[in-house]
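Architecture and fold: a report
As a plain string of letters, each chain reads:
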Amino acid sequence: MAVQRKSNMHIIDGNQSAAIAAKMSRVQVVAAYPITPQTPLTEQLSQFVEQGELKAEYVAVESEHSAMAVCTSASIVGARAFTGTSSHGLAYMHEMLHWAAGARLPIVLACVNRAIGAPWNVLNDQQDSISQRDTGWIQIYCRNNQEIMDTLIQAYRIAEQVYVPVMVCYDGYILSHTEMPVDVPDQADVDRYLPPYKPHTTLDPANPKNYNLVTLANPRIGVDGKLYHGYMELRYLLQEALQNSRETILQAGREFNEIFGRDYARMFWEDRSEDAEITIVAMGSLAMEAIVAADMLREEGLKVGVLGLRVFRPFPKSDVVQALRKSRLIVVFDKNISYGSEGATCSEIKSALYGTYINASIRNFIVGLGGRDVKARELAEATKKAIASLKETVINPDYPEWICQI
Amino acid sequence: MKANAVNLIEKEWILPGNRTCPGCALSLAYRHVLKALEGQCIVTVPASCATVLHGMYPISAVNVPCVNTPFASTGASATGLVAGLKALGRKGITVLAFAGDGGTHDIGIQSLSGAAERQIDFMYICYDNEGYMNTGNQRSGSTPLGAVSGTTPVLGKQQYQKDMTAIMEAHGLPFVATCSASYPLDLYEKVKKARTIEGTRFIHIHTPCPPGWLFPFSDTIKFGEMAVETGLVVLYEIEDGIFRLTSASESIARKGGNLQPVREYFTSQGRFKTITEEQIDELQEWVNARWKQCLHRATNL
Ligand SMILES: Cc1ncc(C[n+]2csc(CCOP(=O)(O)OP(=O)(O)O)c2C)c(N)n1
Ligand code: SF4
Ligand SMILES: [Mg+2]
């Protein structure tokens, strides 16, 4: 049950929201490298540290690869570590993202979603974080600046419980540089919500341990005569941790609601889904645009609802199936493209529905790449186009349509 | 009291039976590094022969706490260890980065330079076997002119070695030093001294490698000594900008400064089988010129 508390509204942009959330999470080591549109986030954090508002080590590293290496090593020593990046920075970290998840280190990373080159483009899409889909990180997407604040705080709760790093993704410029009202929590409440980090690692000369040694494919007997995991067992445990993290994510959302009065006990957001025959699926701020589009279509008498994806990894297959069970048409908008295939979230929806009794048609549109404006009206028109296409065939096309000039 | 073979600390932090090759100088050097630190360190190790030395899960040959880190990230990993320890208020532990020449001169130079520029309080030791030995001996920025390797298979390397210690000196570090595994007491003294200094400390160790350099397993110490006696490796330290020759290099300088000719060093290792007379002459001139500079710079002669 939600608790009554005084709100503490501030008009801030998404980067400020993330910086304040990291500060309130009492991060102990921050390592980051500037990249548009993440830059104000890292500047704000260095300011918090220099002004003494945040008691943390701020490391102005020389690259994003190093930013994540600082985070992994700080985390393995036992410090709560934070970084933020975008686009090329995230791509540059790729090797270290695998390492962080493989080493089971509960690092939190703010990904300010941006297009990736060539050619250069600093504006928003979600190609950067989608490209890191298989690194073993939990990925949560935000629709607005309040969600950035709340999700980042929850991210530490989740990460430190399941020992899996969490990427909090929010759209560049659309959120990062746009001011909105955000209810900033009280530090005391955050402290109550987020207990200090308890590492699963020990680095102490009195009790020497060696982490992430060469590990063979098969289990191996240790000097104590016990059998220890092989590489494959360790990989299984990472997969299992993500599979089982759903409960932790929902619990973190429920308890967040109990203290802060905002409910996050959900893997995705649903809008007007009760009687929806047509469901629009979108992720991040695009989900907000989709709600406006659905309202427009409702006015025309179409029963349209919205499924706003929140947790992309682990992908909530059963929940999605449950939510889409009444839909006969699903229109998926992706701000990313798996070249030669389709949008990444569309593939997830299709895979979730396969083998269920739901036999909905699915249409995929690629939108908003490199900051191309996406208007609610365009989403509504695309949805109507999808409806019209059902007259020709209910079979899902092989490839997505693009909302662009070609 | 200066270290000698008798008073050297007895405790071992590298257990016998590790996975390095017979006659491996890296193993010998690391043994003395950990003795000098009395095991009071946290080590970060990138991909290299040192990874192999550390063992295979769940068995480690090394008795100090250690994290493995991706190849390019050693300097940043050390930074993270230092930052984490500081954030947790833990004091009195040396953070040691221990990397090969490939991990230092080439892929790791960015993160090392970044850490050094930030003056992170840690010790970086590069053991130099002059090639990518873990992947079966390919050329690195530290492979010498004329050496045959997996990626210089026919002609031998056409370029000189990168002088990494000079690059690190240019970062304005409080302590940089060169060592050789064949002179373990000199190495021990330098690591012990570096342990007491704050800031980024860089130590380069020449570590001959029998299978990579193609000489008999029993000759590791001999080739290390020969490199110093010919001046191909000069043992020195620079503390707060003050340059001192040490150990055998200091003795040679004091006894008139006469180096042995380099020829035999090259003709007796299989990796130099295609080196030309002109290359040997060139290298001799290079050695002479550098030795002159060292004699000129030395403040302790
Ligand atoms: C990013 C990356 N590229 C390549 C490798 C493969 N690799 C592992 S060790 C190594 C060479 C190491 O050379 P060096 O640092 O000199 O150490 P040594 O093996 O000679 O002791 C290479 C190329 C790797 N692990 N990571
Ligand atoms: S290849 Fe060379 S450096 Fe590597 S373990 Fe063998 S002898 Fe040592
Ligand atoms: Mg090497």
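Residues numbered from 1 in each chain as written. Chains lettered and ligands numbered in written order. Predicted model: local features only at pLDDT ≥ 70, side-chain atom pairs only at ≥ 80, totals over all residues. Heavy atoms only, no water.

Some thoughts on the nonpolar core
Grouped together as the largest cluster of nonpolar side chains are 165 residues, with contacts concentrated most on Met68, Phe82, Leu152 and Ile349 of chain A together with Phe122 of chain B. Split by domain, the residues of this core number at least three in each of domain 1 (9-198 + 243-260) and domain 2 (268-402) of chain A. Residues contacting Met68 of chain A, with those up to four places away along its chain left out, are Thr83, Met93, Met96, Leu97, Ala100, Ile107, Leu109 and Trp137 of chain A. If you look at the next biggest cluster of nonpolar residues, it comprises 36 residues, including Leu37, Ala50, Val64 and Cys66 of chain B. (Core = buried A, V, L, I, M, F, W, Y, C linked by side-chain atoms within 4.5 Å. Buried < 20%, exposed > 50% of the residue type's maximum accessible area, 1.4 Å probe, protein only. Domains from an automatic or database assignment. Contact = heavy atoms within 4.5 Å.)

Quick look at empty space enclosed by the protein
Considering all chains together, one arrives at two cavities of 30 Å³ or more under this definition. Taken as a whole, the largest cavity encloses approximately 50 Å³ of empty space. Around the largest cavity, the lining residues are Thr72, Ser73, Ile76, Trp99, Ala103, Leu105 and Asn212 of chain A together with Val67, Asn68 and Thr69 of chain B. Listed by contribution, the elements that provide at least two residues to the lining of the largest cavity are α3 (64-77) of chain A together with β4 (66-68) of chain B. (1 Å grid on protein atoms, 1.4 Å probe; cavity = no way out; pocket = protein on both sides within 12 Å on 5 of 7 lines; lining within 4 Å. Points joined across faces, edges and corners; volume = space filled by probe spheres on them. Helix = DSSP H or I, 4+ residues; strand = E, 2+ residues; numbered from the N terminus.)

Regarding the site of ligand 1
Around ligand 1 lies a shell of 17 residues, among which Gly102, Gly103, Tyr127, Gly131 and Asn134 of chain B are the nearest. Around ligand 1 the close residues trace back to chains A and B. Taking Tyr127 of chain B, its side chain carries an N or O atom lying 2.5 Å from an oxygen atom of ligand 1. The side chain of Asn129 of chain B places a nitrogen or oxygen atom 3.0 Å from an oxygen atom of ligand 1. Contact with the protein chains removes 76% of the 580 Å² of surface that ligand 1 exposes when unbound. Element by element, the count of residues in the shell around ligand 1 is highest for helix α4 (residues 101-106) of chain B, at three residues. Class assignment for the residues of the shell around ligand 1 results in seven nonpolar, eight polar and two charged. (Near = heavy atom within 4 Å. Polar contact = N/O pair within 3.5 Å; in protein donor to acceptor, adjacent residues only side chain to side chain. Areas by Shrake-Rupley, 256 points an atom, 1.4 Å probe, with all protein chains shown as cover. Nonpolar A, V, L, I, M, F, W, Y, C, P; charged D, E, K, R; others polar.)

Examining the sheet that holds strand β2 (residues 29-32) of chain A
Residue and element names in this part refer to chain A. Taken in spatial order, the seven strands make up an open sheet running β3-β2-β4-β5-β7-β6-β15, and their pairing is mixed. The sheet is open, and its two edges are formed by β3 (57-60) and β15 (311-313), each paired on a single side. Averaged over neighbouring strand pairs, the angle between their axes works out to 20° when direction is ignored. The sheet contact formed by strand β6 (residues 138-141) and β15 spans two bridges and is antiparallel. (Pairing = 2+ DSSP bridges. Axes fitted to C-alpha atoms, helices over the stretch in contact; angles between N-to-C directions.)

Some points on the site of ligand 2
Around ligand 2, a shell composed of Thr20, Cys21, Cys24, Cys49, Asn129, Met133, Cys209, Pro210 and Pro211 of chain B is seen. Residue classes in the shell around ligand 2 are distributed as seven nonpolar, two polar and no charged.

What to know about the pairing of strand β14 (residues 304-309) of chain A
Residues and elements named next belong to chain A. Burial within β14 is extensive, with six of its six residues counted as buried. Residues Val304, Val306 and Gly308 line one face of β14 and the alternating positions Gly305, Leu307 and Leu309 line the opposite face, and both faces are buried. As paired strands, strand β12 (residues 268-271) and β14 are joined by four bridges and run antiparallel to one another. If you follow Trp269 over to β14, its bridge partner there is Gly308. Here strand β13 (residues 278-283) pairs with β14 via six bridges, running parallel. Bridge pairing links Met283 to Leu309 in β14. For the handedness criterion, the β-α-β arrangement of β13, helix α10 (residues 286-299) and β14 is classed as right-handed. (Right-handed = clockwise from strand over helix to strand, strands pointing away.)

Some points on helix α12 (residues 344-353) of chain A
Residues and elements named next belong to chain A. Within α12, seven of the 10 residues are buried, which leaves the element mostly enclosed by the surrounding structure. Taken as a whole, α12 has its buried residues at Ala344, Thr345, Cys346, Glu348, Ile349, Ala352 and Leu353. Positive backbone phi, approximately 85°, marks Gly355, located one or two places after α12.

As for the sheet that holds β12 of chain A
All names here are of chain A. Taken in spatial order, the six strands line up as β12-β14-β13-β16-β17-β18 in an open sheet, and their pairing is mixed. Single-partner strands in this sheet number two, and they are β12 and β18 (401-402). As defined by bridge partners, β13 adjoins strand β16 (residues 329-334) across four bridges and the pair is classed as parallel. Bridging from a neighbouring strand, Ile278 pairs with Leu329 of β16. Sitting on the sheet, α12 touches β13, β14, β16 and β17 (361-366), and the angle it makes with β16 is about 150°.

Some words on helix α1 (residues 25-36) of chain B
All names here are of chain B. With 12 residues, α1 extends 17 Å between its outermost C-alpha atoms, agreeing within 8% with the 16 Å of an ideal straight helix rising 1.5 Å per residue. Among the 12 residues in α1, 10 count as buried, and that is most of the element. Turning to α1, its buried residues are Ala25, Leu26, Ser27, Ala29, Tyr30, His32, Val33, Leu34, Lys35 and Ala36. Glu38 occupies a position one or two residues after α1 and carries a positive phi of about 50°. (Expected span 1.5 Å × (residues − 1).)

Structural notes on the packing of aromatic side chains
Two aromatic rings are characterised by how far apart their centres lie and by the angle between their planes. Applying the stated criterion across every chain yields a total of 21 aromatic pairs over all chains. Look at Phe223 of chain B and Tyr265 of chain B: their rings are 6.2 Å apart centre to centre, the planes differ by 65°, and that puts the pair in the edge-to-face class. Of this pair, Phe223 of chain B sits in helix α9 (residues 220-229) while Tyr265 of chain B is found in helix α11 (residues 263-267), placing the two residues 42 residues apart along the sequence. Here Phe223 of chain B matches Tyr265 of chain B in class, with each residue buried. Taking 5.5 Å as the distance between ring centres and 85° as the angle between the ring planes, the aromatic pair formed by Tyr265 of chain B and Phe266 of chain B counts as edge-to-face. An identical accessibility class is assigned to Tyr265 of chain B and Phe266 of chain B; each is buried. An aromatic cluster of at least three residues, connected via ring pairs, comprises Trp213, Phe215, Phe223, Tyr265, Phe266 and Phe272 of chain B. Positioned above the aromatic ring of Tyr156 of chain A, the side-chain terminus of Arg80 of chain A is 5.4 Å from the ring centre. Its end group placed over the ring of Tyr193 of chain A, Arg157 of chain A keeps NZ or CZ at 4.6 Å from the ring centre. (Phe/Tyr/Trp six-rings, centres within 6.5 Å; stacked < 30°, edge-to-face > 60°. Lys NZ or Arg CZ within 6 Å of the ring centre and 35° of its normal.)

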